[in-house]
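# Structural features, examined
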Amino acid sequence: MAFNPLQERGIPLDRQIRNWSELNTTPYRKQDVHPYSRCRGIVMNGIEVEAVMFSHQMNRNTLDPEVKKALATVRRVEAQQQKAINWLIPGDESTLEVTIGYEQVAVDLTAWAAQHEPDPYLRQVYEFGLLEDFDHLYRYANLYSLLQGKDAQWLVDGLTEIMPGRPTIFEHRDPADEIRRPMTSLAADPQSVLNAMTVTAAEQQTMNFYMTIGNRFTEPLARATYLEIGLIEEQHVTQYESILDPTCTWLENLLFHEYNECWLYYSFMETEPDPKVRALYELHLNMEIEHLRIACEMMRQIEKRDPEAILPKSIDRVMTFQENKAWVRQILADQVDLTAKGSQFINIAELPVDDAYYAYQARVNEGGCPTEQVIAETASAKGDEYRLETEGEHPVPGLRRPDARKGASTEYARCLFNEPGGFPHGASPTLQQPPAGGPS
Ligand SMILES: [Fe+2]
Ligand SMILES: [Fe+2]
Ligand SMILES: [Fe+2]
Ligand SMILES: [Fe+2]
């Protein structure tokens, strides 16, 4: 299966521009699309948005007019690719339906990255972030049930479960605790570089999306939920971008961007069942092969470095969307009570009571917490909160439905709400219990 984009011939750049009707791709039918086809489109849109924004940043930091011209030419194509991919989403797919797709991506893409991550610290970073997006999926699915009266089952098709992760109310941390240790690209396994670039781009697009569409609702609770989760996506972008190598030159970074695009289009071309979409991925792969060749050429000429010494010899493994239910359950059982302190992950019970985490929690949650309210309101309007637990009851007893908890709690609830068993040393932070239906 080895594939080396450096040895392939792509489409010449002057033949990459498409006309408006070629770009205006026919959207999928939301009733028929495979959930993971939806996911692949969301990922590639995020990757192309990153390609465009990275190129703009590089342009703003480049003096050489020849480099600026080359960047502008390739960037125009990246911008066209972004349209062709993102226009696959049909207009009748509601904002909440698209959102549930975004969070399904965050779960199953990050799960793949974690399971194929050779570096144990980076694997921990992914597992930590994953449990938070997993919770977002549950909050949005409840909002979907509450506002649109629909069951999110048909969107995820049972491939991803919908139940509490690390409750969003607890995810709000002091900004300094989102910074992770960076990798060194040249010393890292190439898979680590690809994983980090891909997950960063996906999280960044999720942040952008919530920034833009969170105010398109009239219901105050929907607006509040999007802004709260949008702030967590900001934390996630901070986390993931900080694992990237900050010492890369702009050209080296460009090279990795183009290589990453080749890897993902190649991966998705191999796994996409819809023939039209597969053809689009193949077309874009052939464009990216040329982008990569141009980036290699710039590196040879300007930095006098050999790009082949920097890039992997071949692509041996494709990124695949596949269900991760048993694996996610194990991560939930083992890690739901973790928090971040500096660049490390520790159990919430190990945080000293005067930690900045509690001050931040007290400030942002002091007037109530929208993602808790969504569950409470859904439970009271529908008689029960929404969950899709296809593999049995929740693996964390304290996160089962209130009537199934049998008094079990989580470390978070014990520490933050001063429940029995938390903070044996006496002092405690002063957070109030969330409304009924909240985590405990
Ligand atoms: Fe691209
Ligand atoms: Fe999320
Ligand atoms: Fe996220
Ligand atoms: Fe590209």
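For the structure itself, look to the data block above.
These lines cover the structure that appears in this document, whether it is placed above or below. The shown structure was predicted, so the numbers you read here are calculated from the model rather than taken from an experiment.

This part is about the packing of aromatic side chains. For the coordinates displayed, the defined rule picks out 19 aromatic pairs. Taking the centre distance of 6.0 Å and the plane angle of 45° together, the rings of Phe-209 and Tyr-210 count as tilted. Here the two residues Phe-209 and Tyr-210 agree in accessibility, since each one is buried. Connected via pairs of aromatic rings, a cluster forms that spans Tyr-102, Tyr-140, Phe-209, Tyr-210, Phe-217 and Tyr-226.

This part is about the coordination of the iron ion (ligand 4). Every protein donor of the iron ion (ligand 4) is listed here as Glu-78 (OE), Glu-258 (OE), Glu-261 (OE), Glu-288 (OE) and His-291 (ND1), and their distances to the metal cover 2.0 to 2.4 Å. Look at where the donors of the iron ion (ligand 4) fall in the sequence and you get E-x179-E-x2-E-x26-E-x2-H. Separating the iron ion (ligand 4) from the iron ion (ligand 1) is a gap of 3.3 Å, which Glu-78 spans by donating to each of them. On the criterion of sequence distance, the pair formed by Glu-78 in helix 3 (residues 65–86) and His-291 in helix 11 (residues 275–303) is long-range, its members being 213 residues apart.

Coordination of the iron ion (ligand 1) by the protein involves Glu-48 (OE), Glu-48 (OE), Glu-78 (OE), Gln-81 (OE1), Glu-261 (OE) and Glu-288 (OE), with metal-donor separations of 2.0 to 2.3 Å. Its six donor atoms give the iron ion (ligand 1) angles of 57 to 174° at the centre, a pattern that matches the irregular case. In the primary structure, the donors to the iron ion (ligand 1) are separated according to the pattern E-x29-E-x2-Q-x179-E-x26-E. Given a relative accessible area of 2%, Glu-78 falls into the buried group. When its relative accessible area of 0% is taken as the criterion, Gln-81 is described as buried.

Our focus in this paragraph is the packing of helix 2 (residues 35–60) against helix 4 (residues 95–115). Contact pair helix 2 / helix 4: the axes reach a minimum separation of 9 Å and the direction vectors enclose 85°. Between helix 2 and helix 4, the angle falls in the class roughly perpendicular. The segment helix 2 lies against helix 4, with Pro-35, Tyr-36, Arg-38, Cys-39, Ile-42, Val-43 and Asn-45 engaging Val-98, Gly-101, Tyr-102, Gln-104, Val-105, Asp-108 and Leu-109.

Across four bridges, strand 1 (residues 338–341) lies against strand 2 (residues 344–347) in antiparallel orientation. Counterpart to Thr-339 in the pairing with strand 2 is Ile-346. Where strand 1 folds back on strand 2, the antiparallel hairpin that results is connected by two residues, among which Gly-342 adopts a positive phi of roughly 60°.

A few words now on the pattern of salt bridges. Per the counting criterion, the structure on display carries 27 salt bridges. Linking Glu-389 and Arg-387 is a salt bridge whose minimum nitrogen-to-oxygen distance equals 2.9 Å. With a relative accessible area of 8%, Arg-387 lands in the buried category. For the salt bridge of Glu-389 with Arg-401, the shortest nitrogen-to-oxygen distance reads 3.7 Å. One end of the pair, Glu-389, is in the loop between helix 15 (370–382) and helix 16 (411–416); the other, Arg-401, is in the loop between helix 15 and helix 16, with 12 residues separating them in the sequence. Glu-389 sits in the partly exposed class, given a relative accessible area of 23%.

This next bit is on helix 9 (residues 220–241). Taking 1.5 Å of rise per residue, the 22 residues of helix 9 would be expected to cover 32 Å, and the 32 Å separating its terminal C-alpha atoms lies within 8% of that figure. The buried count for helix 9 comes to 16 of 22 residues, which makes it a mostly enclosed element.

Take Glu-161: it is sitting in the loop between helix 6 (153–156) and helix 7 (168–171). For Glu-161, a relative accessible area of 2% puts it in the buried group. A polar atom in the side chain of Glu-161 sits 2.7 Å from the side chain of Arg-329. Looking at Glu-161, its side chain comes within polar contact range of the main-chain nitrogen of Glu-391, at 3.0 Å. The contacts of Glu-161, once residues within four sequence positions are left out, are Phe-134, Leu-137, Lys-325, Arg-329, Leu-388, Glu-389, Thr-390 and Glu-391.

Here we come to the layout of surface pockets. Looking at the largest pocket, its volume works out to about 620 Å³. Residue lining of the largest pocket: 25 residues in total, with Glu-50, Phe-54, Leu-244, Asn-253 and His-257 positioned closest to the centre.

Where helix 5 (residues 120–148) contacts helix 9, the two axes come as close as 11 Å, and the packing angle between them is 165°. When the axis of helix 5 is compared with that of helix 9, the two are roughly antiparallel. For helix 5 against helix 9, the interelement crossing comes out left-handed. Per-class residue counts for the contact of helix 5 with helix 9 are 14 nonpolar, five polar and four charged.

Quick notes on the rules
- Residues numbered from 1 in each chain as written.
- Chains lettered and ligands numbered in written order.
- Predicted model: local features only at pLDDT ≥ 70, side-chain atom pairs only at ≥ 80, totals over all residues.
- Heavy atoms only, no water.
- Phe/Tyr/Trp six-rings, centres within 6.5 Å; stacked < 30°, edge-to-face > 60°.
- Buried < 20%, exposed > 50% of the residue type's maximum accessible area, 1.4 Å probe, protein only.
- Donors = N, O, S within 2.8 Å, 3.2 Å for Na, K, Ca; no water.
- Helix = DSSP H or I, 4+ residues; strand = E, 2+ residues; numbered from the N terminus.
- Tetrahedral: all angles 85-135°; square planar, octahedral: opposite > 155°, others 65-115°.
- Axes fitted to C-alpha atoms, helices over the stretch in contact; angles between N-to-C directions.
- Parallel < 35°, antiparallel > 145°, perpendicular 65-115°, else oblique.
- Contact = heavy atoms within 4.5 Å.
- Pairing = 2+ DSSP bridges.
- Salt bridge = Lys/Arg side-chain N within 4 Å of Asp/Glu carboxyl O.
- Expected span 1.5 Å × (residues − 1).
- Polar contact = N/O pair within 3.5 Å; in protein donor to acceptor, adjacent residues only side chain to side chain.
- 1 Å grid on protein atoms, 1.4 Å probe; cavity = no way out; pocket = protein on both sides within 12 Å on 5 of 7 lines; lining within 4 Å.
- Points joined across faces, edges and corners; volume = space filled by probe spheres on them.
- Left-handed = near helix turned anticlockwise from the far one by under 90°.
- Nonpolar A, V, L, I, M, F, W, Y, C, P; charged D, E, K, R; others polar.

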